[in-house]
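Fold and contact review
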Amino acid sequence: PFPRLAESMLKILTSLWSAPIDSSEDYQVVRLHAFLRIRQLAMTQPFPFIEECLKKLYLAYAQRAKFATAASVTSALPTVTFMGNCVVELYSLDYHSSYQHAFIYIRQLALHLRTAMQKKTPESLGAVCCWQFLHCLKLWVAVLTETCQTNDVEGLDNFAGNNEDQLLRSLIFPLTQVILGTARLIPSTRYLPLRLHCVRLLQQLAAAAEIFLPTTSILMDVFDLHELTQPPKK
């Protein structure tokens, strides 16, 4: 009933939803209720407001994903996973608005990758070969996977009305190119786990969209690594 307060309320709710990583059970309830109110605002406020919700939630997720590293896998990862599920839920409300934002943010990931491939400086490579970049890739794979599954459930009877679904589905190709480039960016043993993460993301996309995405060559290249050809050390 008070649309002028919606933007301020969204800012407060987003800060509660994306508060510093806290895996305590009590705060998870706060995080959940904050997201439910954000979702309610996105569905009830006039049209442009949902785009503000999509933007703020993704940027907050990307900011917090920086802290979900292998060292904090037991504490931070469950929280980031929950936040990612919330973002996927919000991006499934309005496919037209979701496409606009998904296109922009996937393009940002592609620009980071292109900079890393061209400059190959420690800073540019570190912007791609990090947990924050990987979590963002996982998020967009989850968004597109959810879109494909929703489209399959609705069936072909509503195909004419699902042009927006197909629009979001068209982002599979550019996202696939970003994941392939990330997997092949640094062909060394140190970044082998990153390559395996990328293969898993490609296979999830392929299974959801029922398309063929080549991953065999990425896996077979592992056997050409220098460390695998050396005799074992005592």
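Our structure is the block above this text.
Residues numbered from 1 in each chain as written. Predicted model: local features only at pLDDT ≥ 70, side-chain atom pairs only at ≥ 80, totals over all residues. Heavy atoms only, no water.

Focus on the layout of surface pockets
Basically, it comes down to this: The definitions used throughout rest on a 1 Å grid laid over the protein atoms alone, on which a cavity is an enclosed set of points accommodating a 1.4 Å probe that cannot get out and a pocket is an open set flanked by protein within 12 Å on both sides along at least five of seven lines; lining residues are those having an atom within 4 Å of a point. Grid points are joined across faces, edges and corners, and a volume is the space filled by probe spheres set on the points. Comment: elements are numbered from the N terminus, with helices defined as DSSP H or I runs of at least four residues and strands as E runs of at least two. The nonpolar class holds Ala, Val, Leu, Ile, Met, Phe, Trp, Tyr, Cys and Pro. Asp, Glu, Lys and Arg form the charged class, and all remaining residues, Gly among them, are polar.
Of the voids in this model, the largest pocket is the one considered here, and its volume is about 340 Å³. Around the largest pocket, the lining is made up of 17 residues, and of these Thr 81, Lys 138, Leu 139, Ala 142 and Leu 201 lie nearest the centre. For the lining of the largest pocket, the elements supplying multiple residues, two or more each, are helix H4 (76–91), helix H7 (131–154) and helix H10 (192–209). Here the lining of the largest pocket takes seven residues from H7, the largest share from any one element. Tallied by class, the residues present in the lining of the largest pocket amount to eight nonpolar, seven polar and two charged.

A word on the side chain of Ser 97
Our working rule: Exposure classes here rest on a 1.4 Å probe applied to the protein chains alone. A residue is buried below 20% of its type maximum, exposed above 50%, and partly exposed in between. Pairs of N or O atoms are called polar contacts if they sit within 3.5 Å, as long as, within protein, a hydrogen donor faces a hydrogen acceptor (for residues adjacent in sequence, only side-chain-to-side-chain pairs). Any two residues having at least one pair of non-hydrogen atoms within 4.5 Å are treated as being in contact.
Within the element layout of this structure, Ser 97 appears in helix H5 (residues 95–119). Assessed through its relative accessible area of 0%, Ser 97 is described here as buried. Reaching out from Ser 97, the side chain makes a polar contact with the side chain of Asp 94 at a distance of 3.2 Å. The residues touching Ser 97, leaving out its near neighbours within four places in the chain, are Phe 47, Ile 50, Glu 51 and Leu 54.

Here's the deal with H10
What counts is decided by this rule: Here, expected helix span is obtained from the residue count minus one, scaled by 1.5 Å.
A rise of 1.5 Å per residue sets the reference length of H10, with its 18 residues, at 26 Å; its end C-alpha atoms lie 26 Å apart and thus fit the reference within 8%. Among all positions of H10, only Leu 194, Arg 195, Cys 198, Val 199, Leu 201, Leu 202, Leu 205, Ala 206, Ala 208 and Ala 209 are buried. Glu 210 occupies a position one or two residues after H10 and carries a positive phi of about 55°.

Some thoughts on the packing of aromatic side chains
Our working definition: Centres within 6.5 Å make a pair out of two Phe, Tyr or Trp rings, where for Trp the six-membered ring is used; the pair is then stacked when the planes are under 30 degrees apart, edge-to-face when over 60, and tilted otherwise.
A full pass over the atoms with the stated rule returns five aromatic pairs. When the ring of Tyr 58 is compared with that of Trp 140, the centres are 5.0 Å apart and the planes differ by 40°; the resulting orientation is tilted. Linking Tyr 58 in helix H3 (residues 48–65) with Trp 140 in helix H7, this pair joins segments that are 82 residues apart in sequence. Accessibility classification places Tyr 58 together with Trp 140 in one group, the buried group. Every member of this aromatic cluster is reached through a ring pair, and the members are Tyr 58, Tyr 91, Tyr 105 and Trp 140.

Quick notes on the packing of helix H2 (residues 25–44) against H4
Which entries qualify depends on this criterion: As a rule, the C-alpha atoms of each element are fitted with a line to give its axis, helices using only the stretch in contact, and angles between N-to-C directions run from 0 to 180 degrees. Any angle from 65 to 115 degrees is called roughly perpendicular, while one under 35 is roughly parallel, one over 145 is roughly antiparallel, and all others are oblique. Crossing handedness is defined as follows: a turn of the near helix away from the far one that is anticlockwise and smaller than a right angle gives a left-handed crossing, while the clockwise case is right-handed.
Here H2 crosses H4 at 15°, and the two axes come no closer than 11 Å. Here H2 lies roughly parallel to H4, going by the angle between them. Handedness of the crossing formed by H2 with H4: right-handed. Contacts from Gln 28, Arg 31, Leu 32, Phe 35, Arg 39 and Ala 42 in H2 reach Thr 79, Phe 82, Met 83, Cys 86, Glu 89 and Leu 90 in H4. Of the residues assigned to the contact of H2 with H4, the class counts are seven nonpolar, two polar and three charged.

Considering the side chain of Asp 94
Keep this limit in mind: By the counting rule applied here, Lys and Arg register as positive and Asp and Glu as negative, while His and the ends of each chain are not counted. Salt bridges are counted wherever a side-chain nitrogen of Lys or Arg sits within 4 Å of a carboxyl oxygen of Asp or Glu.
Along the chain, the position of Asp 94 falls in the loop between H4 and H5. For Asp 94, which is buried and forms no salt bridge, the nearest opposite charge comes from Arg 39, at a distance of 13 Å. A polar contact of 3.2 Å, which involves the side chain of Asp 94, links it to the backbone nitrogen of His 96.

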